[in-house]
Structures are given as structure tokens and as C-alpha cells.
Amino acid sequence: MPKIKFVPGFPELKDIAPLPESATKNVPAWYKEQPSMIDDKLEDGTLKLTVKKCQAFFDAMALGYMLKMPVDIYIDATGPTLDVQIPKELEKMRAMILSQHSKEQVSHLPIDEDLYMPNILRIHPTWLAQTEPGYSTLFLSPLHSDGYPLKAVEAIIDTDSFTSDGHLSFFVKKGFKGILKQGTPLAQIFPFKREDWEMEIDKDYSPALIQQQRVDVRSTFQNGYKLKHWVKKTFK
């Protein structure tokens, strides 16, 4: 089993910043509260299930590992510029934790300026990822957490040769004002093996085989995909 290793970026913060965790331990609260069914009645041979019964949807949230907010961070995005603060006792470490990209650095990046502040906030997660030879790591926002006030600028780092040192970049939603608590999921990361791929379009593939798959999956009232096709993904 390949291994991802997390190492501290700053000795001063290694005993303060929460440790990374498997993403399965950080499923958002809304999903936990989501009922599995609209009701328990069959309607024309169909159970009225919700997104909570979609294994593919859950697998996205459970993919990889979660980096956490290293300290409490106060953000006020109600004005023309960002006001970002950390606890006073840690102010001497501010440069380790926080930075910003100016608007000019991303002048051609298509940012929805009605939704996000023009400057990009950068937060250092403290814990850095290392992977085995041949593996890179995808960094992105925690999946299916769209109510969150930060949106990560997605990136891939070849973490087998470069330990993922650096501040992660985030868009900040306009109008947000509050404290993002230490330990809040900050970024979801997924280590993957680098491989060369080749695309093929097969116009002669039989649609009957797809229809057979559809019928097979839908021959149970629920969990057809999970019971017959799903493969467990493990991130310890």
C-alpha cells in the first residue's frame, strides 16, 4: 500500500496546528443530517431516495485526506478589502500562517467578482505532504462543502520530489464575516499515481451492454451500484 507522509513546515506550529486526517473523518455536518429517503413509501416500484444513498457522491467527500485550519482565523469580507486576523499571541508568526496574492497576480484568472473578493487569501496548513516516487497530490476545496466561505485554487504538486511547502490559495466569498475555527477542514488532498493515458472513442460499443448494466443496477430497490460495482477506497 503506498504511503503519504505529513511533516511539519514550522517547528513553532507543529504542536499547535491540528493533524491531517482521512477525509472520511471529516464528512460535512449537512450530509450527516441529510435523511436517506424522502419517505419510506414505494412509488411505481421506486423508493424515493436522497443523495445520501448515492455512493459515488459520498466517495468524493471521502477521497484522500483533509488538511485543517492551523489556528483560528477571523475574516471580514464585508468591505472593499479583506480584514484577516489571527490570535494576538501568534501575530509574530503571521507570515508563517497568512499571505495574499494581489489582484494583478491573477489578472487573467476568471474570478466571479460578484461572488468573491478580488485578492486571494493564502493560508499555510503547517503540515506538508510527501509521497512515494511516481505519486503526485491534488489539492482542492473539501468536496460538497459549497456553503464554506473559502474556495481553494486547485493545484497539483509532484510531492514525490517536492514536499508541499507553501501557502494554499483561496477565494473568499464577499459578505462573509466571522471566525474560521482551528481544525476546520481547509483543503482536501488526493495522492495519485502519475501515469500516461491515451483517449479512445469506441463508436461500435454496443448500447445493449450499457442497458444491461442499467437494468442490473436498478434490479434492487437501493444500493445497486454499491452492492454490485463499488470498490472500497481506503485512506488510513
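As a starting point, this report considers the structure included with it. What you see is a predicted model, and the numbers here were worked out from it, not measured in a lab.

Here we look at unusual backbone geometry
1) Next: Although it is not a glycine, threonine 126 adopts a positive phi angle of roughly 75 degrees.
2) Next: Mapped onto the fold, threonine 126 is located in the loop between β9 (120-123) and β10 (127-131).
3) Next: Classification of threonine 126 by relative accessible area gives buried; the value is 0%.
4) Next: With a phi angle near 60 degrees, histidine 144 is a residue other than glycine that sits in the positive phi range.
5) Next: The residue histidine 144 is located in the loop between β11 (135-140) and β12 (150-152) in this model.
6) Next: A relative accessible area of 27% means that histidine 144 is categorised as partly exposed.

Re the nonpolar core
1) Next: By size, the foremost hydrophobic cluster in this structure holds 34 residues, and its most contacted members are Ile73, Ile75, Leu121, Ile123 and Leu150.
2) Next: Breaking this core down by element, the ones donating at least two residues are β5 (65-68), β6 (73-76), α3 (94-97), β9, β12, β14 (168-172) and β16 (185-193).
3) Next: Apart from the residues within four sequence positions on either side, isoleucine 123 is in contact with Met69, Pro70, Ile73, Ile97, Leu98, Leu150, His167, Leu168, Phe170 and Leu186.
4) Next: Core analysis: the second largest hydrophobic core is formed by 5 residues, Val106, Ile111, Tyr116 and Phe171 among them.

Side note on the sheet that holds strand β2 (residues 21-22)
1) Next: Spatially, 5 strands are ordered β2-β5-β16-β11-β13 in an open sheet, and the strand pairing comes out antiparallel. Strands with a single pairing partner mark the edges of an open sheet, and in this sheet they are β2 and β13 (155-157).
2) Next: With 2 bridges connecting them, β2 and β5 associate as antiparallel partners. Within the sheet, the bridge partner assigned to glutamate 21 lies in β5 and is methionine 66.

As for the pairing of β9
1) Next: Of the strand pairs in this sheet, strand β8 (residues 98-101) and β9 are connected by 4 bridges, and their pairing is antiparallel. Within β9, the position partnered with leucine 98 by the bridge is isoleucine 123.
2) Next: As paired strands, β9 and β14 are joined by 3 bridges and run antiparallel to one another. The residue of β14 that forms the bridge with arginine 122 is serine 169.

Focus on a negative patch on the surface
1) Next: There is a patch of like negative charges on the surface, built from Glu198, Glu200, Asp202 and Asp204.
2) Next: Relative to the helices and strands, glutamate 198 resides in the loop between β16 and α4 (207-217).

Focus on the environment of methionine 61
1) Next: Inspection of the secondary structure assignment puts methionine 61 in helix α2 (residues 55-61).
2) Next: Overall, the relative accessible area of 2% leaves methionine 61 in the buried class.
3) Next: A C-alpha to C-alpha distance of 8.6 Å links methionine 61 and glutamine 188, two positions 127 residues apart in sequence.
4) Next: When neighbours within four sequence positions are excluded, methionine 61 is seen to be in contact with Ala23, Val27, Pro28, Tyr31, Leu143, His144 and Gln188.

Points about the pattern of salt bridges
1) Next: On inspection of all chains with the given rule, the structure shows 11 salt bridges.
2) Next: The residue lysine 68 makes a salt bridge to glutamate 21 at a minimum N-O spacing of 3.0 Å. Residue lysine 68 is found in strand β5, and its partner glutamate 21 is found in strand β2; the two are separated by 47 residues along the sequence.
3) Next: Of the charged contacts, one joins glutamate 91 and arginine 94 as a salt bridge, the two residues approaching to 3.7 Å between their closest N and O atoms.
4) Next: For arginine 94, a relative accessible area of 28% gives the class partly exposed.

Cut-offs applied
Residues numbered from 1 in each chain as written. Predicted model: local features only at pLDDT ≥ 70, side-chain atom pairs only at ≥ 80, totals over all residues. Heavy atoms only, no water. Helix = DSSP H or I, 4+ residues; strand = E, 2+ residues; numbered from the N terminus. Buried < 20%, exposed > 50% of the residue type's maximum accessible area, 1.4 Å probe, protein only. Core = buried A, V, L, I, M, F, W, Y, C linked by side-chain atoms within 4.5 Å. Contact = heavy atoms within 4.5 Å. Pairing = 2+ DSSP bridges. Patch = residues over 30% accessible without salt bridge, like charges linked within 9 Å, V, L, I, M, F, W, Y side chains within 5 Å. Areas by Shrake-Rupley, 256 points an atom, 1.4 Å probe, with all protein chains shown as cover. Salt bridge = Lys/Arg side-chain N within 4 Å of Asp/Glu carboxyl O. Lys, Arg positive; Asp, Glu negative; His and termini not counted. Charge placed at Lys NZ, Arg CZ, Asp CG, Glu CD.

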